[in-house]
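Spelled out, the chains give:
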Amino acid sequence: MMEALLALFIGAMAGAGVFLLLRARTFDVVLGMTLLSYAVNVFIFVTGRVAINKPAIIDGVRAASLTQYADPLPQALVLTAIVISFAMTALLLVIALRARAEAASDHVDGEEPAAVDAAEKAS
Amino acid sequence: MSGSHWIVAPIVLPLLAGAMALLLERRSPRAAAAVSIIATLALLGIATRLVAVAADGAVGAYLLGNWRAPFGIALALDRLSALMLLLTALIAVASVMYACGSGARGRHDERGPHFHALFQFQLMGLNGAFLTADLFNLFVFFEVLLIASYGLLLHGAGVVRLRASIHYVVFNLTGSALFLIAVSTLYGLTGTLSMADLAQRIPSIPAESAGLLQAAALLLIVVFGVKAAIFPLYFWLTDTYGAATAPVAALFVMMTKVGVYCIARVTTLMFGAEAGPASFVIEPWLSWLALATLALAAFGALAAWHLRRLVAYLVLASAGMLLLAVGLGTAGTIAAGLFYLVHSTVFAAALFLLVDSMVASRGDADDEMVPAPLASAGGYGTLYFLLAVAVAGLPPFGGFIGKSMLLAASRSEPLAVGVWTVVLLSSLGIVVALARAGSTVFWKAAPANAMQTAAAPASAPERGALALLVGAACAAVVAAGPIASYAEATAQQLLDRKGYIAAVLGAETAPPAWNPRADMKKVK
């Protein structure tokens, strides 16, 4: 049950992320990137299998056997991934803001598409 | 080799040099540049030594933190990694020299902050990616080289670069997300991230997980394909390389080779003949996609209207050739590909530098293919002619030998007709594109007036960088025999995955150099 819920949640978040990534405004793209990296982070976490009440570090209370503890490696991996994706999102935001300021447009191509301009002039 | 720390030097040295450059650059930019140049030269020396060490055929393993292989992260040095390290160092020396020369708008490295620090971190990422024997560590080094490359691409600023870098950054971030999915799927299936251990465990994965395994393998190839610029994932390449400053573009030539290297590494090591459900899951796709890349690169070169874009398409064509060699996957084709790799990388980097150096006197025409005044057209023309002949794969240069080796090696392949047609026709297309560009830019060039000539004095470091690369290309022609035999030995070693697995997993931990407790007891 928990696995199915998590899988649905990851899928929905990744789907929303991809949808936003494909949009033409940099803000949407940044949000999409963020959602996608959240989905990836949870995905990495679940590859260590979902378990309740199992610590990743030996606490001296439980028997020192593999069944009593969760796999610590994906938790270490996800930490690395979180740090990197957070830094990358910050960098992407800076570049997007700079491009917005220099090109006077938040379109990902740095300029408004011609068709939109024409339609706006016509209306 | 086990007790030697030389293997980790290509990662540690640029890290230290980059950090020092960051500290020094505010007080004295020249000192930062000097540190960067010295470190890069030292890197060339170290890489040469590592090639000499790896040439005997043994795979050197280095256990980081002295943890045994599948538990800790290992570095591995075989012939392929050593060759890539040497190429990287060579291109880096030329780039950093060129960057310290004064271009039309002042020194290249002073057009924006932190050039040398970013340059060194990029080298660290490249070298780490070539050396690591751990899949997650590979991801980390990919990020290191990408983060540095984002900064380097923006070097010099300007709207064109910003626009190119939004595309480039978003595309590569998405690639990183896919990389993480692939890596964690593989971890979920096998419980390991060490490439040698993965190679050992993949064959025994149960049949019900075969789909997941194949999905992970193909996802990995997508990620590496983004870096290697394989069709249909190459659209970022021409914009990015066309927009970057010349020393950066020259170094970026190495970045597509990282993708090719990783594809070669995982297809031979992890998804080769003995990989059970995942064996040869990639090869059938790879050859076709590589042929498409090659064909489209030739069309792109024919259609290019700017010299930098033309060179970017040549980089793409070279990536197509290399992926074709890996995709066909026999010892002969891989050897041909590696031979071609050495030459095409040097030529492409040299062309980027050459174009940048000569457009300084062309004023507003910049690198557009229109007749425009050109200072010292004779000298540049000769160099361009040499490099164009070399990069198009005409004799006597190495590109020709590499291409003919590939054609000869693919004769018995089922795809042979396609390979011969596409390789030969794309070469023809590239020759035509280069000839057209050369005749427009050099033959129709008006003589430059005094002011334009004065605007473009190629400085000594710039000339030195160009001379280094052209000299290396010529030396590689003279040494074609040894390079070819090294490439053949590399291909053999790559296909014999048992040696790599045994070397990495069997690496012994080093005895402690200093045991504080024992020493304390002695004192008592």
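Residues numbered from 1 in each chain as written. Chains lettered and ligands numbered in written order. Predicted model: local features only at pLDDT ≥ 70, side-chain atom pairs only at ≥ 80, totals over all residues.

Novice: Which residues make up the overall build of chain A, and what are the values?
Specialist: Helices and strands together make up the secondary structure of chain A, namely four helices and zero strands. Element order for chain A, N to C, with α for helix and β for strand: α-α-α-α. Since a compact globule built from 123 residues should have a radius of gyration of about 14 Å, the 21 Å found for chain A marks it as more spread out than a globular shape. When its C-alpha atoms are laid out on the principal axes, chain A stretches across 75 × 30 × 15 Å. (Helix = DSSP H or I, 4+ residues; strand = E, 2+ residues; numbered from the N terminus. Rg over C-alpha atoms; globule rule 2.2 N^0.38 Å.)

Novice: Requested: an account of the overall build of chain B, with residues and values cited.
Specialist: A count of helices and strands for chain B gives 21 helices and four strands. For 524 residues, the compact-globule estimate of 2.2 N^0.38 gives 24 Å, and chain B sits close to it at 23 Å. Projecting the C-alpha coordinates of chain B onto the three principal axes gives extents of approximately 80 × 65 × 40 Å. Residues classed as buried in chain B amount to 59% of the 524 residues present. Long-range contacts, defined here as pairs at least 24 residues apart, represent 79% of the contacts in chain B between residues at least 6 apart. (Buried ≥ 20, exposed ≤ 12 C-beta atoms within 10 Å, placed from the backbone. Contact = placed C-beta atoms within 7 Å.)

Novice: I'd like to hear about unusual backbone geometry, residue by residue, with values.
Specialist: In this structure, the amide linkage connecting B:Phe231 to the following residue, B:Pro232, adopts the cis form with an omega of 0°. Checked against the element boundaries, B:Pro232 lands in the loop between helix 8 (210-228) and helix 9 (235-243). Of note, the phi angle at A:Ala104 is positive, near 55°, even though the residue is not glycine. Its location among the elements puts A:Ala104 in the loop between helix 3 (72-103) and helix 4 (114-122). Overall, the presence of 11 C-beta atoms within 10 Å leaves A:Ala104 in the exposed class.

Novice: Could you give an account of the interface of chain A and chain B, naming the residues involved and the relevant values?
Specialist: In this complex, chain A contributes 27 residues to the contact, which on the side of chain B involves 20 residues. For the side of chain A that touches chain B, the secondary structure elements donating two or more residues are helix 2 (26-46) and helix 3 of chain A. Broken down by element, the residue count for the side of chain A that touches chain B peaks at 14 residues, all from helix 3 of chain A. For the side of chain A that touches chain B, the per-class residue count stands at 19 nonpolar, five polar and three charged. (Nonpolar A, V, L, I, M, F, W, Y, C, P; charged D, E, K, R; others polar.)

Novice: How would you summarise the pairing of strand 2 (residues 74-77) of chain B if you had to cite specific residues and measurements?
Specialist: Residues and elements named next belong to chain B. Burial of strand 2 is two-sided: the residues Ala 74 and Ala 76 facing one way and the residues Leu 75 and Leu 77 facing the other way are all buried. Where strand 1 (residues 60-63) lies against strand 2, four bridges are found, and the strand directions are antiparallel. Residue pairing for strand 2: Leu 63 is matched across the bridge by Ala 74. (Pairing = 2+ DSSP bridges.)

Novice: I'd love a proper account of helix 1 (residues 9-24) of chain B, names of residues and values included.
Specialist: Residues three or four positions apart in an α-helix share a direction because the helix packs 3.6 residues into each turn. All names here are of chain B. Taking 1.5 Å of rise per residue, 16 residues should cover 22 Å, and helix 1 covers 22 Å from first to last C-alpha, within 8% of that figure. Residues of helix 1 that are buried: Ala 9, Pro 10, Ile 11, Pro 14, Ala 17, Gly 18 and Ala 21. Buried residues along helix 1 sit in contact with helix 2 (29-54), helix 3 (79-99) and helix 4 (115-131). (Expected span 1.5 Å × (residues − 1).)

Novice: Hey, could you go over the environment of B:Leu341 for me, with residue numbers and the actual values?
Specialist: Residue and element names in this part refer to chain B. Among the secondary structure elements, Leu 341 is positioned in helix 13 (residues 331-359). With 26 C-beta atoms packed within 10 Å, Leu 341 lands in the buried category. It is 8.7 Å that separates the C-alpha atoms of Leu 341 and Met 321, two residues lying 20 residues apart in sequence.

Novice: Quick one: what's the story with the packing of helix 10 (residues 246-269) of chain B against helix 13 of chain B, residue by residue and with numbers?
Specialist: Residue and element names in this part refer to chain B. Where helix 10 contacts helix 13, the two axes come as close as 8 Å, and the packing angle between them is 160°. Regarding the angle of helix 10 to helix 13, the classification is roughly antiparallel. Viewed along their axes, helix 10 and helix 13 form a crossing whose handedness is right-handed. Contacts from Ala 246, Ala 249, Ala 250, Val 253, Met 254 and Lys 257 of helix 10 reach helix 13 at Leu 341, Thr 345, Ala 348, Ala 349, Phe 352, Leu 353 and Asp 356. (Axes fitted to C-alpha atoms, helices over the stretch in contact; angles between N-to-C directions. Parallel < 35°, antiparallel > 145°, perpendicular 65-115°, else oblique. Left-handed = near helix turned anticlockwise from the far one by under 90°.)

Novice: Outline helix 8 of chain B, supporting the account with residue identities and numerical values.
Specialist: Residue and element names in this part refer to chain B. Between the first and last C-alpha of helix 8 there are 26 Å, a value that for 19 residues agrees with the 27 Å anticipated at 1.5 Å per step. Considered for burial, the residues of helix 8 that qualify are Leu 213, Ala 216, Ala 217, Leu 220, Ile 221, Val 223, Phe 224, Gly 225, Val 226, Lys 227 and Ala 228. Contacts from the buried residues of helix 8 go to helix 6 (159-190), helix 10 and helix 12 (307-328).

Novice: Before we move on, can you summarise the nonpolar core with the specific residues and values?
Specialist: All names here are of chain B. In this structure, Ala 350 and Leu 353 are the most contacted members of the largest nonpolar core, which totals 238 residues. In terms of residue count, the dominant contributor to this core is helix 13 (20 residues). Residue contacts for Ala 350: discarding those within four places in its chain leaves Leu 387, Leu 466, Leu 469, Val 470 and Ala 473. (Core = buried A, V, L, I, M, F, W, Y, C linked by C-beta atoms within 7 Å.)

Novice: Got a sec to walk through the environment of B:Leu406? Specific residues and values, please.
Specialist: Residue and element names in this part refer to chain B. With respect to the element layout, Leu 406 can be found in helix 15 (residues 398-409). The spatial distance from the C-alpha of Leu 406 to the C-alpha of Thr 333 is 5.3 Å, given a sequence separation of 73 residues. When residues no more than four places from it in sequence are discounted, the contact partners of Leu 406 are Met 321, Ala 325, Thr 333, Ala 336, Gly 337, Tyr 340 and Val 423.

Novice: Run through the packing of helix 3 of chain B against helix 19 (residues 480-495) of chain B, naming residues and quoting values.
Specialist: Residues and elements named next belong to chain B. At a closest axis distance of 8 Å, the pairing of helix 3 and helix 19 adopts a crossing angle of 135°. Between helix 3 and helix 19, the crossing angle belongs to the class labelled oblique. Residue-level inspection shows Arg 79, Leu 80 and Leu 83 of helix 3 in contact with helix 19, the latter providing Tyr 486, Ala 489, Thr 490, Gln 493 and Leu 494. Considered class by class, the residues forming the contact of helix 3 with helix 19 number five nonpolar, two polar and one charged.

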